[in-house]
Amino acid sequence: VGFDDPGFIACIRFQFLSLGIAFIMATILLFNRLPQSKVHMTVTTVLLVIFLTAGSLCALRTYSVNESRIKDKKTVLATSRKYEDEQFASITKASVQLEHKGENISARVDLTIENENDSALDRYLFSLNPSLEVSKISSAGKDLRFERDFNIINISTEKSLAPGETDSLEIVYE
C-alpha cells in the first residue's frame, strides 16, 4: 500500500516547513533581542518573502486539490442519487486481471451478473470510479454500447434479462 500522490504529500510538508521558516524570520524581524546589521536584516527579509511565497503557493495548491476532490465527491453523490430508484443487476462472480503500467493501471474484469429484481432489466447499470476510463464492454463476444454518466455506466443490452437469469460481461478499463 502506498500513497496515491506522493508529490501532493511532499507539497503539504513543504508548505508547513516554508511557513514555519517564514514565521521564524518574521519573529527575528519583530523582536530585536540582539543588535542586527543591515545585511542580516536584509537577508532575513528576503528569506521571509521567499519562504512565505513558497508556503503560500503550496497552500494554494493544497486548497485547489481539496476543492477538486470535494467537487468530485458531490458529483458522485448527485449522479448516484439520479439512479437510486433504478434496478441494478447483482454481481455474482467477478474476476479481475490487473496490469500495472507505471503510474497507471489497466484491467479486464469478467463479471457474472444476475437479475434479482422482480422485473426484466433492459439495461445494466454499474458504478465505477470516475477516474477510470472504460474502453470496451462486451457480452458473449459482442461489443455492447454504453454511456458514462460520471461514475455510472449505463450498458445497452440486445435483449432483456429476465428475473433470475444471468449474463456474463467483460469490461476493459484504464
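Structural data are supplied above this passage.
Because the structure is predicted, anything quoted here is derived from the model rather than measured.

J.: Go over the overall build of the protein chain with me, naming the residues and quoting the values.
T.: What the protein chain contains, in helices and strands, is two helices and eight strands. N-terminal to C-terminal, the α/β element order of the protein chain is α-α-β-β-β-β-β-β-β-β. The globule rule puts the C-alpha radius of gyration for 174 residues at 16 Å, and the 27 Å found for the protein chain is more than 25% above it. Expressed along its principal axes, the backbone C-alpha trace of the protein chain runs to roughly 85 × 35 × 25 Å. When burial is assessed residue by residue, the protein chain has 26% of its 174 residues classed as buried. Long-range pairs, those at least 24 residues apart, make up 67% of the contacts in the protein chain with a sequence separation of at least 6. For the protein chain, the exposed surface amounts to about 12000 Å²; the carbon and sulfur share of it is 57%. Taken together, the 19 basic and 23 acidic charged side chains of the protein chain have centroids lying 12 Å from each other.

J.: Explain the sheet that holds strand β3 (residues 121-127) to me, and be specific about the residues and the numbers.
T.: Here we have three strands laid out as an open sheet, ordered β3-β7-β6, and antiparallel in their pairing. Each end of this open sheet is capped by a strand with a single partner; those strands are β3 and β6 (146-149). Sheet twist, expressed as the average angle between the axes of neighbouring strands with direction ignored, equals 30°. One ladder, built from six bridges, connects β3 with strand β7 (residues 152-161); its direction is antiparallel. The residue bridging Ser 127 from the neighbouring strand is Ile 152, located in β7.

J.: Now, about the pairing of strand β2 (residues 104-114): what can you tell me, with residues and values included?
T.: Pairing of strand β1 (residues 90-101) with β2 involves eleven bridges; the strand directions are antiparallel. Its bridge partner being in β2, Ala 94 is matched across the sheet by Leu 111. Where β1 folds back onto β2 in an antiparallel hairpin, the turn is made up of two residues, including Gly 102, whose phi is positive at roughly 70°. By the bridge criterion, eight bridges tie β2 to strand β8 (residues 166-173) in an arrangement that is antiparallel. Paired with Thr 112 across the strands is Ser 168, a residue of β8.

J.: Help me get a handle on the side chain of Gln 15, residues and values and all.
T.: Checked against the element boundaries, Gln 15 lands in helix α1 (residues 6-30). According to the relative accessible area criterion, Gln 15 is buried, its value standing at 10%. If we ignore the near neighbours within four places in the chain, the residues touching Gln 15 are Gly 55, Cys 58, Ala 59 and Thr 62.

J.: How would you sum up the sheet that holds β2? Please name residues and give values.
T.: Across the sheet, which stays open at both edges, the five strands sit in the order β1-β2-β8-β4-β5 with antiparallel pairing between neighbours. Across the chains shown, the open sheet's two edge strands, defined by having one partner strand only, are β1 and β5 (142-143). Here two bridges tie strand β4 (residues 134-139) to β5, and the two strands are oriented antiparallel to one another. The partner of Ser 139 across the bridge, within β5, is Lys 142.

J.: Hey, could you go over a nonpolar patch on the surface for me, with residue numbers and the actual values?
T.: A cluster of nonpolar side chains, Leu 57, Leu 60 and Tyr 63, forms an exposed patch at the surface whose accessible area comes to about 360 Å². Note on placement: Leu 57 falls in helix α2 (residues 38-82). Take Leu 57: its relative accessible area is 54%, and that puts it in the exposed class.

J.: Now, about α2: what can you tell me, with residues and values included?
T.: For α2, with 45 residues, the first-to-last C-alpha span of 66 Å sits near the 66 Å given by 1.5 Å per residue. Contacts from the buried residues of α2 go to α1, β6 and β7.

Rules behind the numbers
Residues numbered from 1 in each chain as written. Predicted model: local features only at pLDDT ≥ 70, side-chain atom pairs only at ≥ 80, totals over all residues. Heavy atoms only, no water. Helix = DSSP H or I, 4+ residues; strand = E, 2+ residues; numbered from the N terminus. Rg over C-alpha atoms; globule rule 2.2 N^0.38 Å. Buried < 20%, exposed > 50% of the residue type's maximum accessible area, 1.4 Å probe, protein only. Contact = heavy atoms within 4.5 Å. Areas by Shrake-Rupley, 256 points an atom, 1.4 Å probe, with all protein chains shown as cover. Lys, Arg positive; Asp, Glu negative; His and termini not counted. Charge placed at Lys NZ, Arg CZ, Asp CG, Glu CD. Pairing = 2+ DSSP bridges. Axes fitted to C-alpha atoms, helices over the stretch in contact; angles between N-to-C directions. Patch = residues over 30% accessible without salt bridge, like charges linked within 9 Å, V, L, I, M, F, W, Y side chains within 5 Å. Salt bridge = Lys/Arg side-chain N within 4 Å of Asp/Glu carboxyl O. Expected span 1.5 Å × (residues − 1).

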